[in-house]
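# Commentary on secondary and tertiary structure
Here are the chains, one letter per residue:
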Amino acid sequence: MMEGMMENTKWDDKESVLRILRIDGDCLRFVDPVLRRDMDVILTAVSQDSRAFSCVDPDLKKNKEVVTAVLDTNGYALEYVDEEFKNDKDMVMRAIQNKGRALQFASPELRDDKDIVLEAINRTSGYALADAGPDCKNDPEIVKQAVSKTGATIEYANPDLLQTNRNIILTAVRNGGSEAFSMMPEIGGDKEILLEGLKGCSIDVLNFADVRLLDDVEFMKEAIKIDDKAILHASPRVRNEIDAENKKNHQDLEENDIDSKSVEELARYSDNLDGRIEDIRGELEDTKSRVQDKEEQVRQNLVQDIKNKIATLASLEKELAELREKESMIDRVSTSYRNDSHEEK
């Protein structure tokens, strides 16, 4: 189709040229030299493809009025303007206000200009930090602003800055910056950063946790409160201790001197729920292993399966909590009944 349009285009006819430039701005290079100086033609081409400005006459690339109009239309055209404008703060600001990532085409001096870089960061959800100069990548205010928008941009920061700015790391992991854990393995021993990462990123941050924390009962209990799948990362000792604690709670219920039939029914149902919960946990672990071996589409399906099972697990645990509340009520009624009977005697 495009080939047919090009064959039928009259390259010295403005209307014919505008039609094809609205589809492919790079076709400006085929346009009659006279029309290549026409602002309607130039702006139409540049709005579709910033590369079109590379075909404009050199004298127009030095024309401030022309360059201003072009940058207001497509900031990426900054790549093709005269070097003078790449070092002009006002012109570069125009470019990034149109396209934040145009920062990459500014002069080295302006890529390290704090005002310019902050503007670019605010317009790109933080990703313009990748295009910033070395000084800005080492500036705590700029880096924190970037990671507060998108945690993943922490990978563009100066590593030396992160070594002395724990707050930047916390801000990043709270905003999905799991990259911080692979960049700085030592934070795998920081309880607060791991727990915040568990909230802001995913369960996968526990893959970077220090083994001593995975063997820390209190830490793992906090992790499980955030995501119950954290139990899958706990050490065998911690798993056993948590299981023993759960069993003791069940035994305490069984030892209460209340209606034995109600206790037996509730305990049996509770045991069934526990069994189902353990089965689901086993299925989750098995699913997790299978996900790693499948192609992307299969992985997506299995992830959905995991979500469904987690929802089921949450529902069962909620039901178990309700049953335990009923047990507590029965205990209170029974105690009250015994006290009344004693007083009557």
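Structural data are supplied above this passage.
The structure reproduced in this document is the subject of the present report. Each chain carries its own residue numbering, running from 1 in the direction its sequence is written. Per-residue local features are limited, in this predicted model, to residues with pLDDT of at least 70; the limit for side-chain atom pairs, both in listing and counting, is 80 or more; totals at the level of whole chains, interfaces and linings are taken over all residues. Excluding hydrogens and water, the side-chain values take into account all heavy atoms of the structure.

## Thoughts on the overall build of the protein
- The secondary structure content of the protein amounts to 19 helices and zero strands.
- Whether a residue is buried, partly exposed or exposed follows from its accessible area with a 1.4 Å probe, protein chains only, as a fraction of its type maximum: under 20%, in between, or over 50%, in that order. In the protein, which comprises 345 residues, the proportion classed as buried is 41%.
- Considering only contacts within the protein whose residues lie at least 6 apart along the sequence, 46% involve residues at least 24 apart.
- As displayed, the protein has an accessible area near 19000 Å², and 45% of this comes from carbon and sulfur atoms. In this text, helices come from DSSP runs of H or I with a minimum length of four residues, and strands from runs of E with a minimum of two, each type numbered from the N-terminal end. By definition, residues are in contact when any of their heavy atoms lie within 4.5 Å. For the accessible areas, the method is Shrake-Rupley and the probe is 1.4 Å, while residue cover comes only from the protein chains on display.

## As for helix α16 (residues 217-226)
- Listing the buried residues of α16 in full gives Val217, Phe219, Met220 and Ala223. Within α16, the buried residues cover an arc of 160 degrees as seen down the axis, which keeps them to one side. Turned more than 90 degrees off the buried face of α16, the exposed positions are Glu218 and Lys225. The arc under discussion is defined with respect to the helix axis, by the directions toward the C-beta atoms.

## Structural notes on the side chain of glutamate 196
- Relative to the elements of secondary structure, glutamate 196 occurs in helix α14 (residues 191-200).
- Setting aside residues up to four positions removed in sequence, glutamate 196 forms contacts with Leu170, Val173 and Arg174.

## With respect to the pattern of salt bridges
- A side-chain nitrogen of Lys or Arg and a carboxyl oxygen of Asp or Glu constitute a salt bridge if their distance falls within 4 Å. Tallied over the entire structure, the rule returns 26 salt bridges.
- Among the ionic pairs, lysine 89 bridges to aspartate 115, the shortest N-O distance being 3.1 Å. One end of the pair, lysine 89, is in helix α7 (residues 89-98); the other, aspartate 115, is in helix α8 (residues 114-123), and 26 residues separate them in sequence.
- On the accessibility criterion, lysine 89 (31% relative accessible area) is partly exposed.
- Judged by relative accessible area, which is 46%, aspartate 115 ranks as partly exposed.

## A few points about the packing of aromatic side chains
- Centres within 6.5 Å make a pair out of two Phe, Tyr or Trp rings, where for Trp the six-membered ring is used; the pair is then stacked when the planes are under 30 degrees apart, edge-to-face when over 60, and tilted otherwise. Applying the stated criterion across every chain, the model contains three aromatic pairs.
- Look at tryptophan 11 and phenylalanine 30: their rings are 5.7 Å apart centre to centre, the planes differ by 55 degrees, and that puts the pair in the tilted class. Within this pair, whereas tryptophan 11 is found in the loop between α1 (2-8) and α2 (14-21), its partner phenylalanine 30 is found in the loop between α2 and α3 (39-48), the two being separated by 19 residues in sequence.
- Among the residues examined, phenylalanine 30 registers a relative accessible area of 36% and is labelled partly exposed.
- Ring centres of tyrosine 76 and phenylalanine 105 lie 6.5 Å apart, and the angle between their planes is 90 degrees; this geometry places the pair in the edge-to-face category. Of this pair, tyrosine 76 sits in the loop between α5 (64-73) and α6 (83-86) while phenylalanine 105 sits in the loop between α7 and α8, and the two are 29 residues apart along the sequence.
- Note on tyrosine 76: relative accessible area 29%, which makes it partly exposed.

## What about α7?
- When α7 is considered as a whole, its buried residues turn out to be Met91, Val92, Met93, Ala95 and Ile96.
- Considering only its buried residues, α7 is in contact with α5, α6 and α8.
- Counted as a polar contact is a pair of N or O atoms within 3.5 Å, where, for protein atoms, one must be capable of donating a hydrogen and the other of accepting one, and residues adjacent in sequence contribute only when both atoms are in side chains. Looking at where α7 begins, the residue whose side-chain oxygen comes 3.0 Å from the main-chain nitrogen of aspartate 90 is aspartate 88.

## What about the environment of asparagine 87?
- With respect to the helices, strands and loops of the structure, asparagine 87 is situated in the loop between α6 and α7.
- We classify asparagine 87 as partly exposed; its relative accessible area is 42%.
- Separated by 22 residues in sequence, asparagine 87 and glutamate 109 place their C-alpha atoms 7.3 Å apart.
- Leave out the neighbours within four places in its chain, and asparagine 87 touches Ser107, Glu109 and Leu110.
- Of note is the side chain of asparagine 87, whose polar atom sits 2.6 Å from the side chain of serine 107.

## A look at the side chain of threonine 150
- With respect to the element layout, threonine 150 can be found in the loop between α10 (140-149) and α11 (159-163).
- When residues no more than four places from it in sequence are discounted, the contact partners of threonine 150 are Ser125, Tyr127 and Asn175.

Spatial relationships are all this shows, so hold off on functional conclusions.
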